[in-house]
Each structure stands twice: as C-alpha cells, then as structure tokens.
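As a plain string of letters, each chain reads:
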Amino acid sequence: MGAPSHRAGHRGRRGTGATPGMPAHAARASAAVIELNKAHWPVTVLGPGRRIGLWVQGCSIHCPGCVSQDTWPRDAGKRIAVADLLAWCREVSRGAPDGVTISGGEPFDQPAALRSLLLGLANWRREDHLDFDILCYSGHPLRRLEKEHARLLTLLDAVIPEPYVDTLPQGNLWRGSRNQPLVPLSPRGHARYAAHIGAAADDDKRMQAAVEGGRVWMIGIPGRGDMARVEALCAQRGLSLTEVSWRR
Ligand code: SF4
C-alpha cells in the first residue's frame, strides 16, 4: 500500500516536490518561491466550506506526536514559484473557493514566501470580487506571532496558533490539542469563525482521504489513536503501511 500521510491542522502536514496534483511547470523561475509539501482541492475538514489546502515543507518546531513528521525537513527540491501556486489555486477551484487553509510544516518558517502567497491571494480575492477567507495554522505561540510577524497576521482572516501537545486532550473543531485557540483576525474572520471558536470537533467529519500518485493522503485532524487503529486494521487485512508520515 502507498504511504498514507496525514494532513492536519497542526497535528501534522507534509508533501512532495512539485507535488502530486500541482502544475508541471512548478519549477519555473519566479521572484518568490515557497517550499511546498502538498496542495489539495477541495479540503472540507480544515475550516468552513470547500477550501484550497496548502501544506508547506519545513517545520522547526518538532512537536512530540506530530503526525506529519515528513514535513519537518526543509527541502529545496520542493520549491514552487508562488505565481505558479496561485495560478493552480485559481484553476483548480474554478475561482470559487470558500476559503484557503495554509498549514504544514510551519508556514511562518518561510515568512517572505508566506507574505508573497498571502498578498497574491488577497489580490486574487479583490480583483475577482471573491469572499474566500484565509486560515493559517502555526505551531508558534500567538504572542510570538504578534511580536515577530504582526504584518503577516494582518493578511490573514484567522489563525490557529500554538504547538500540538500530545499529552493534552483533543482540541475543539479543526484543532489537534486543547491548547490551540481559533483566533479571528479580520472582520471577515470574525463573521465566519466566531461561532466555531468553542465548537466541539465533529466526530463524523474529522478526516477525508485522497489518492494521488499511488499514495493515500489522510487530510484533517485524527482522533487520538486513529492512525494506530488504521494501521492495525490494515495489518489484519494483510496490508502493511510504509513511509507513514507519523513516524520518522
Ligand atoms: S508545528 Fe508541530 S504539529 Fe505542526 S507540523 Fe510542526 S511539529 Fe507538526
């Protein structure tokens, strides 16, 4: 079986160079490049509505229990021009996403690239009179983001900060552990996210699966022990999982 990997809002994230599903011209020269693990459309389990999901490559935080450990190393081979990524976003969503979720990896480990991406998304939204929201995960504490990345926060509608803590109870909707808040940052973010701040996770809609390039991608926030249970069920049927994202 392929390598189930897991896309989570700060319980994991990961990807491949030019990434499955991404345009073939990913390596084209561009002023701004971003190391990208994975992109997917539509994502329905990491924020409201049908969303573009973008997972960056590289995370310096290394939370114990992270299920996307394959996103940890920086990898120049996974660079994509931000302009090409934006073109893919427009094309794949046919100009009608409800939102964009940026996860990883740690998006704020690439601040210049993140800024270019956020400015590009804002331009697209404005030029095409769209109303999609931009939600970003980070494993950094909110106070650190406010101190070191205040300008980037102004380009977001909402952020889910703080590291994943495996020893804490499961978090609320779209969150991996109880310490992770959902923080609206803009009027659009308040309108769209305020009702979800204290909402419990939806047990019937935690995860979605995608098969791409011979790999199985598990997207979302798994319940505690879910990935071990998946592995055990596969083993009972004679399937062994290789290259899983929750082990290094
Ligand atoms: S911040 Fe923590 S949970 Fe998120 S990708 Fe990095 S190690 Fe994993």
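Residues take numbers from 1 onward in each chain, read along the sequence in its written order. Note on the predicted model: pLDDT of at least 70 is required for a residue's local features to be given, and 80 or more for side-chain atom pairs to be given and counted; whole-chain, interface and lining totals, by contrast, use all residues.

With that settled, consider the overall build of the chain. Secondary structure elements follow DSSP: runs of H or I no shorter than four residues count as helices, runs of E no shorter than two count as strands, and numbering proceeds from the N terminus. The helix and strand inventory of the chain stands at six helices and ten strands. Here the chain holds 248 residues, and 45% of them are scored as buried. For the chain, long-range pairs separated by at least 24 residues make up 70% of all intrachain contacts whose partners lie at least 6 apart in sequence. Counting other C-beta atoms within 10 Å of each residue's C-beta, where C-beta atoms are placed from the backbone, gives the exposure class: buried for 20 or more, exposed for 12 or fewer, partly exposed between. Note on contacts: residues are paired as contacts if their backbone-placed C-beta atoms lie within 7 Å.

Moving on, we come to the packing of helix 1 (residues 82–93) against helix 2 (residues 111–127). Each pair of packed helices can be described by the angle between their axes along with the distance between the axes. With axes taken as lines fitted to C-alpha atoms, and helix axes fitted only over the stretch in contact, angles between N-to-C directions fall between 0 and 180 degrees. In the contact formed by helix 1 and helix 2, the axes pass within 10 Å of each other and the chain directions differ by 40°. Seen along the crossing, helix 1 lies across helix 2 with a hand that is right-handed. Mapping the contact onto sequence places Val82, Leu85, Leu86 and Arg90 in helix 1 and Ala113, Ser116, Leu117, Gly120 and Trp124 in helix 2. Note on convention: the crossing is left-handed when the near helix lies turned anticlockwise from the far helix by less than a right angle, right-handed when the turn is clockwise.

Let us look at the nonpolar core. Ranked by size, the top nonpolar core spans 44 residues in total, and within it Ile34, Leu54, Leu85 and Leu117 carry the most contacts. Setting aside anything within four residues of it in sequence, one finds leucine 117 in contact with Ile34, Val82 and Leu85. Under the definition applied here, buried Ala, Val, Leu, Ile, Met, Phe, Trp, Tyr and Cys residues are grouped into a nonpolar core through C-beta atoms within 7 Å. The next biggest cluster of nonpolar side chains, apart from the first, holds six residues, and it includes Cys63, Cys66, Val67 and Met227.

Attention now goes to the pairing of strand 9 (residues 207–212). Relative to strand 10 (residues 215–220), strand 9 runs antiparallel, the two sharing six bridges. Across the sheet, the residue bridging to methionine 207 is glycine 220, located in strand 10. Once strand 9 ends, the chain turns through two residues before running back antiparallel as strand 10, passing glycine 213 with a positive phi of about 55°. In this scheme, strands are said to pair when DSSP sees at least two bridges between them.

A few words on the sheet that holds strand 7 (residues 158–160). Ordered by their spatial adjacency, seven strands build an open sheet running 4-2-3-5-6-7-8, and the pairing between neighbours is mixed. Each of the sheet's edge strands pairs with one partner strand only, and the pair in question is strand 4 (79–81) and strand 8 (183–184). Here strand 2 (residues 33–43) runs beside strand 4; their pairing, made up of three bridges, is antiparallel. What sits directly across from valine 33, in strand 4, is alanine 81. The sheet contacts of helix 1 involve strand 2, strand 3 (51–56) and strand 4, and relative to strand 2 the element is tilted by about 5°. In this fold helix 2 packs onto strand 2, strand 5 (99–103) and strand 6 (133–137), with an angle of close to 40° to the strand it touches most, strand 2.

Our next topic: helix 1. Between the first and last C-alpha of helix 1 there are 16 Å, a value that for twelve residues agrees with the 16 Å anticipated at 1.5 Å per step. Among the residues making up helix 1, those that are buried are Val82, Asp84, Leu85, Trp88 and Cys89. Angular distribution of buried residues about the axis of helix 1 spans 155°; they occupy a single face of the element. Elements in contact with the buried residues of helix 1: strand 2, strand 3, strand 4 and helix 2. Each helix should span, by expectation, one fewer than its residue count multiplied by 1.5 Å. Arc definition: it is the arc formed by the directions from the helix axis to the C-beta atoms.

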